[in-house]
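Architecture and fold: a report
Each chain, letter by letter, is given below.
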Amino acid sequence: MNKKIIAAFCIVILMVSIFSACGNKGYLLAKDENGVEHAYVTDENGETVLNEEGNIRVYETDAHGKIVKDKDGTLRENYVEMPEKLMTDKKYQTKEFVFIIPNGWGMGDANYISISQDGLSRIQFNNIGTKISQYNSIVAEEVDMANKIVDEIKNSGGTAELKEGTATITSNQIEAYYMLFDAEIESDGVKQVLHTCAAYFMFEGRIYKAFYQTTSEEGLKIEQVVDVFNNLTLNHIESENETIIVTE
């Protein structure tokens, strides 16, 4: 029962299309959600390049994976739809945001955008709504759920505490509401700890939840959470056509 309580609080929305990538000068080899490898064009800073429609530039490759050249030696280019996510050991990128992997962290997986190198901590980031009028009710529901979990843990003999507050994510100058959750339970004679921080905020008509969890004994302080979240930069989406301007 105790394990189920912890699992209930840690569930995040799964994201599809996992990428396997490696870097090369002038392009980035990565597989899309169908397993097709593309040579994504990169600029002088190693960043992928989008056009005005939000599609991503790629070099054409032959059956052997080599980049095709025109007669004059120019690398032949094309455009493909921006993948749902592009993941390397330095960056996690989608149409909506870019997360620069900080020191001490590494590539994520299907569930998280980044995992600490010691394997104890994880980061997730989700768009949880597009109706700003629902922001207060969404947050209220999450707070209510968190308080119920705290009560259940206490009733089962464990300890749990929930702290609330506001903090500024400076990368986009966003004021976020946060919940810091600390829990300790014992199952089959083994002590289990879980520390999480869920931060909620709005950006250009979208509602987001940033989530940090760790099983480290030291727990979490809001300052260290914000320090990691500051590696997140939200993209400006121009219109319904999803014209993208990537802000690094």
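Residues numbered from 1 in each chain as written. Predicted model: local features only at pLDDT ≥ 70, side-chain atom pairs only at ≥ 80, totals over all residues. Heavy atoms only, no water.

When the terminal C-alpha atoms of helix H2 (residues 135-155) are compared, their 30 Å separation across 21 residues agrees well with the 30 Å that a helix rising 1.5 Å per residue should span. Tyr135, Ile138, Val139, Glu142, Val143, Ala146, Ile149, Val150 and Ile153 are the residues of H2 that are buried. Seen from one end, H2 has its buried residues packed into an arc of 130°, which puts them on one side. Facing away from the buried side of H2 by over 90 degrees, the exposed positions are Asn136, Glu141 and Asn155. Positive backbone phi, at 100°, marks Gly157, one or two positions downstream of H2. (Helix = DSSP H or I, 4+ residues; strand = E, 2+ residues; numbered from the N terminus. Expected span 1.5 Å × (residues − 1). Buried < 20%, exposed > 50% of the residue type's maximum accessible area, 1.4 Å probe, protein only. Arc of directions from axis to C-beta.)

This part takes up the nonpolar core. In terms of nonpolar packing, the biggest core is built from 30 residues, with Phe125, Phe201 and Tyr212 touching the most fellow members. Elements represented by at least two residues in this core include exactly strand S8 (97-100), strand S11 (121-129), strand S12 (159-169), strand S13 (174-187), strand S14 (190-203), strand S15 (206-214), helix H3 (222-229) and strand S16 (232-234). Counting residues per element, this core draws most heavily on H3, at five residues. Look past the residues within four positions of Phe201 in its chain and what remains in contact with it is Phe125, Tyr135, Ile169, Ile174, Glu175, Ala176, Arg206, Ile207, Tyr208, Ala210, Leu232 and Leu234. The next biggest cluster of nonpolar side chains, apart from the first, holds 20 residues, and it includes Val143, Ala146, Val150 and Leu162. (Core = buried A, V, L, I, M, F, W, Y, C linked by side-chain atoms within 4.5 Å. Contact = heavy atoms within 4.5 Å.)

The strand order across the open sheet built from seven strands is S9-S10-S11-S15-S14-S13-S12, with neighbouring strands paired in antiparallel fashion. The open sheet terminates on both sides in strands that have one partner only, identified here as strand S9 (105-107) and S12. Mean inter-strand twist for the sheet, computed between neighbouring axes without regard to direction, equals 25°. The pairing of S13 with S14 spans eleven bridges and is antiparallel. Bridge pairing in S14 places Phe181 opposite Thr196. Sitting on the sheet, H2 touches S11, S12, S13, S14 and S15, and the angle it makes with S13 is about 20°. (Pairing = 2+ DSSP bridges. Axes fitted to C-alpha atoms, helices over the stretch in contact; angles between N-to-C directions.)

Another point: the pairing of S11. Sheet topology note: the strand S10 (residues 114-116)/S11 ladder contains two bridges and is antiparallel. Along S11, the bridge assignment pairs Ile115 with Arg122. In textbook terms, the turn of a hairpin is the stretch between consecutive antiparallel strands, and for S10 and S11 this stretch comprises four residues, one of which, Gly119, has a positive phi near 80°. In this structure, S11 lies alongside S15, joined through eight bridges in antiparallel fashion. Directly across from Phe125, in S15, lies its bridge partner Ala210.

This paragraph deals with the environment of Ala199. Relative to the assigned elements, Ala199 resides in strand S14. Separated by 33 residues in the primary sequence, Ala199 and Thr166 place their C-alpha atoms 8.6 Å from one another. The residues contacting Ala199, other than those within four sequence positions of it, are Ala176, Tyr177, Tyr178, Tyr208, Lys209, Ala210 and Phe229.

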